[in-house]
Amino acid sequence: MILQFALFHIIALIICPIYTLASVEGSVIAQLGCDSTCGNVLIPYPFGMKDPKCYGDKWFEIECRNTSQGNKPYLKSLNLEVTLISESISAIQIMNPIYHLNCQGKSANPVINLRGSPFVYSQQYDKFVAVGCNNVAFLRSNGSAVGGCVSICDDNEEVNDSTVLGRDGCHGRYCCETSLPLYLSEYNATVQKLRNESLSHVQCSNALIVDDNWLVNYYKFNLSTQRFGELKNMDYVPAMLEWEIIIEILNNSIFELPSDANCYNSNVTSSQNTTSGRRCRCFIGFDGNPYIAGGCTAIPGFFPSDGHAKKWAIVGVSSSIGSIILVLVLWLLHKVVRKRMIKKRKEKFFKKNGGLLLQQRMSSDEVNVDQTILFSLKELEKATDNFNTNRVLGKGGQGTVYKGMLVDGRIVAVKKFKVEGKVEEFIHEFVILSQINHRNVVKLLGCCLETEIPLLVYEFIPNGNLFEYLHDENEDLPMTWDMRLRIATEIAGALFYLHSLTSQPIYHRDIKSTNILLDEKYKAKVADFGASRIVSIEATHLTTVVQGTFGYLDPEYFLTSQFTEKSDVFSFGVVLVELLTGMKPISTISKETKSLSSYFVQCMEENSFFDIIDRRVTKEGEKEHIIAVANLANRCLEMNGRKRPTMKEVTLQLEEIRRLDRKPNAQINQEEIELAGIVDYQPWTRYSTSNSSALSSDSNVMHILTLK
């Protein structure tokens, strides 16, 4: 439609260039009975004042205010002064605030927010300009930088009232300029200095969005009287907003577009839709206000009244038909070329993202193809609302996870990797998860290789991760002793499965509480296998570059670069201590930052570990069972990996403790106690946290409930 409209204007310019630029005197611009001016500004419909019948919607209501400089129109909904309204190009000029940095008596103006309105800053008519010395100016929208420029001055120079700028514009000396992005509906400006300067030496600087025509006139015609140094005394400059009649207005108001004008679909205010509203133009040979019925009137002399009228009509019809045919041919050609480009790009991304390597793994039966799906990019974009930032579930070193809903109603988590051409982590995670089928491991649903960054699709786990739940305690559903013991057992069972029950052992290599997710029933799900590795059954260790999370990292692995299954055991031990104490893996203790693992081991050696056990644990748990779990955690945190238990031993011991914990004390007979490895049982009061001397005097306290 845009191409066709452009072709009509080209034909009109060829036929009669003078008349297409003429305007019709006395043409109607406002609704009948409505004021059409405020001060010296014309107010064409759909803009209007006072009576709702005079304007198309509340967004277009103009308030004529009496000021010291006479009557001035304001967009009432946005409180912006209006200096020009053009219905022919669907644009409105407003007074836009200037951002000041370190200008005496001036401060940064509030951000103008046009979101939800039919207005956006015009990429065609506006520029972003920064004035000052040795500045980097950024144009920001929605928290991100969307434009910027740099202005340079010589040493000891500054922009002042005597500074004369080049007539060809701002190109980096004293000031700079750049274009705006499309669909800019809100913005903020920030200015940073290129050099480290104290605030007292920072010169006055300005950043602004400004009408390019005003800027050109400022450069070329007013240099004798105007200087850019005067910006420090100004609060506003003209800027252009483009507008359209948005879909919401057409659906929700009585406003109707006239049938005698050329009204067409437009996309001015939304990057999410191909059509966000409608715009109108008068047909060729007509001029006036296309938004009023009968507002477009014939340009005098454009249509001949003699015998040549038929000739001109034939020329016009032929030109229109030719234009339509040309547009159709161009559209079909565009579709063919675009389809081919998309296909080549998908093939390129497929290879780049390890598609060939993945096919090789599939053919060698390393990947369970029956359980995984190759999703299309279109499916995942629709599921995640084009990867909207509002859908972000979490960010990590390997990528960002988004929440999405598939067409069949399933809620999923989509992980977008940050691999930058290195796809090993993506391949490892895909291959490993495709082989795992365990109730306490996050399930892989599929992947997408059609994008520049590969994507993995998992089942959605609704209740966040263990770290958040444990350290940001939920008052409605607190972390009870029974829940902690169950979660610990579930994590241990998943690691036991990975180490011993898969076809080849799998080392997770990044066990931590943020990688333990909680489902709708708060059952544990081990996640994030980007660092995981499959090892041969005969292998005793994996030699790699040391990686992991400080606080959970096995010190033996850190020293030798040899990762074993016992390294996962150490990391699990830290998580177990987190569950016991409610403390973070790196904590500030007595004004010193210490790792939780070393602090816990120290407390065990000093027989004072009950001083750091979470109050809820000591209140709800049997003391013998708490000591048993503490001893187990202490064994997992042994410096020598060979002395640590296997995950099989850990799982069996936790399951036994849970079994005993669920039974009333009266039902636990002496035989069960002996089977559990309980020796030298002492009364609860003997080990009160307030009696540290009693703890230290009893050498057997560290052996109570030590499970073999």
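Predicted, not measured: the structure shown is a model, and the values here were computed from it.

Draft legend 1. The pairing of strand E4 (residues 61-67), seen in detail. Across two bridges, strand E3 (residues 48-49) lies against E4 in parallel orientation. Note that in E4 the partner of Gly48 across the bridge is Glu61. Bridge analysis of E4 against strand E5 (residues 70-75) gives six bridges, and the strand direction is antiparallel. When the bridges of E5 are listed, Glu63 appears paired with Tyr74. Where E4 folds back on E5, the antiparallel hairpin that results is connected by two residues.

Draft legend 2. How the structure looks around the pattern of salt bridges. Taken as a whole and judged by the stated rule, the model has 16 salt bridges. Across the pair Glu490 and Arg486 runs a salt bridge whose closest N-O atoms are separated by 3.2 Å. With Glu490 and Arg486 both in helix H10 (residues 481-501) and four residues apart, this pair spans about one turn of that helix. Given the relative accessible area of 13%, Arg486 is considered buried.

Draft legend 3. Structural view of the sheet that holds strand E17 (residues 245-246). Read from one edge to the other, the open sheet built from three strands follows the order E17-E19-E18, with strand pairing classed as antiparallel. The outermost strands of the open sheet, each flanked by one partner alone, are E17 and strand E18 (262-266). For E17 and strand E19 (residues 277-281), the ladder comprises two bridges, and the chain directions are antiparallel. Looking at E19, one finds that Ile246 is bridged to Gly277.

Draft legend 4. Main features of the packing of helix H12 (residues 565-581) against helix H13 (residues 596-605). At their nearest, the axes of H12 and H13 sit 10 Å apart, and the two run at 70° to each other. Here H12 is positioned roughly perpendicular relative to H13, judged by the angle of their axes. In contact with Phe570, Val574, Val577, Glu578 and Thr581 of H12, H13 contributes Leu596, Ser597 and Phe600. Residue composition of the contact of H12 with H13, by class: five nonpolar, two polar and one charged.

Draft legend 5. Highlighting the nonpolar core. With 73 residues, the main nonpolar core has Ile436, Ile491 and Phe572 as its most contacted residues. The element that contributes the greatest number of residues to this core is H10, accounting for twelve residues. In this structure, Tyr55, Ala130, Leu180 and Ile249 belong to the second largest nonpolar core, which totals 48 residues.

Draft legend 6. Focus on empty space enclosed by the protein. Per the stated rule, a full pass over the model turns up five cavities of 30 Å³ or more. Considering only enclosed or pocket space, the second largest cavity measures out at about 70 Å³ in volume. In terms of lining residues, the second largest cavity is bounded by 13 residues, among which Arg509, Gly548, Tyr552, Leu553 and Ser571 are the most central. Class assignment for the residues of the lining of the second largest cavity results in five nonpolar, five polar and three charged.

Draft legend 7. The arrangement of H10 in detail. With 21 residues, H10 ought to run about 30 Å at 1.5 Å a step, and its terminal C-alpha atoms sit 29 Å apart, in line with that. For H10, the buried fraction is high: 18 of the 21 residues fall into the buried class.

Draft legend 8. Here's a closer look at the packing of aromatic side chains. One pass over the structure, following the stated rule, counts twelve aromatic pairs. Taken together, a centroid distance of 5.3 Å and an interplanar angle of 85° make the contact between Phe47 and Trp243 edge-to-face. Here Phe47 is found in the loop between strand E2 (41-42) and E3, whereas its partner Trp243 is found in strand E16 (residues 236-243), with 196 residues between them in sequence. The same class applies to Phe47 as to Trp243, namely buried. Their ring planes at 75° and their centres at 5.2 Å tell us that Phe387 and Tyr402 sit as a pair that is edge-to-face. Highlighted residues: Phe387 in the loop between helix H7 (377-383) and strand E23 (392-395) and Tyr402 in strand E24 (residues 399-405), separated in sequence by 15 residues. Across the pair, exposure class does not vary: Phe387 and Tyr402 are buried alike. Taken together through their ring pairs, the aromatic side chains of Phe47, Phe60, Phe119, Trp243 and Tyr291 make up a single cluster. Positioned above the aromatic ring of Trp59 is the side chain of Lys58, whose terminal nitrogen or guanidinium carbon lies 5.5 Å from the ring centre.

Reading guide: rules and limits
- Residues numbered from 1 in each chain as written.
- Predicted model: local features only at pLDDT ≥ 70, side-chain atom pairs only at ≥ 80, totals over all residues.
- Heavy atoms only, no water.
- Pairing = 2+ DSSP bridges.
- Helix = DSSP H or I, 4+ residues; strand = E, 2+ residues; numbered from the N terminus.
- Salt bridge = Lys/Arg side-chain N within 4 Å of Asp/Glu carboxyl O.
- Buried < 20%, exposed > 50% of the residue type's maximum accessible area, 1.4 Å probe, protein only.
- Axes fitted to C-alpha atoms, helices over the stretch in contact; angles between N-to-C directions.
- Parallel < 35°, antiparallel > 145°, perpendicular 65-115°, else oblique.
- Contact = heavy atoms within 4.5 Å.
- Nonpolar A, V, L, I, M, F, W, Y, C, P; charged D, E, K, R; others polar.
- Core = buried A, V, L, I, M, F, W, Y, C linked by side-chain atoms within 4.5 Å.
- 1 Å grid on protein atoms, 1.4 Å probe; cavity = no way out; pocket = protein on both sides within 12 Å on 5 of 7 lines; lining within 4 Å.
- Points joined across faces, edges and corners; volume = space filled by probe spheres on them.
- Expected span 1.5 Å × (residues − 1).
- Phe/Tyr/Trp six-rings, centres within 6.5 Å; stacked < 30°, edge-to-face > 60°.
- Lys NZ or Arg CZ within 6 Å of the ring centre and 35° of its normal.

As far as function goes, none of this settles anything; it's purely spatial.
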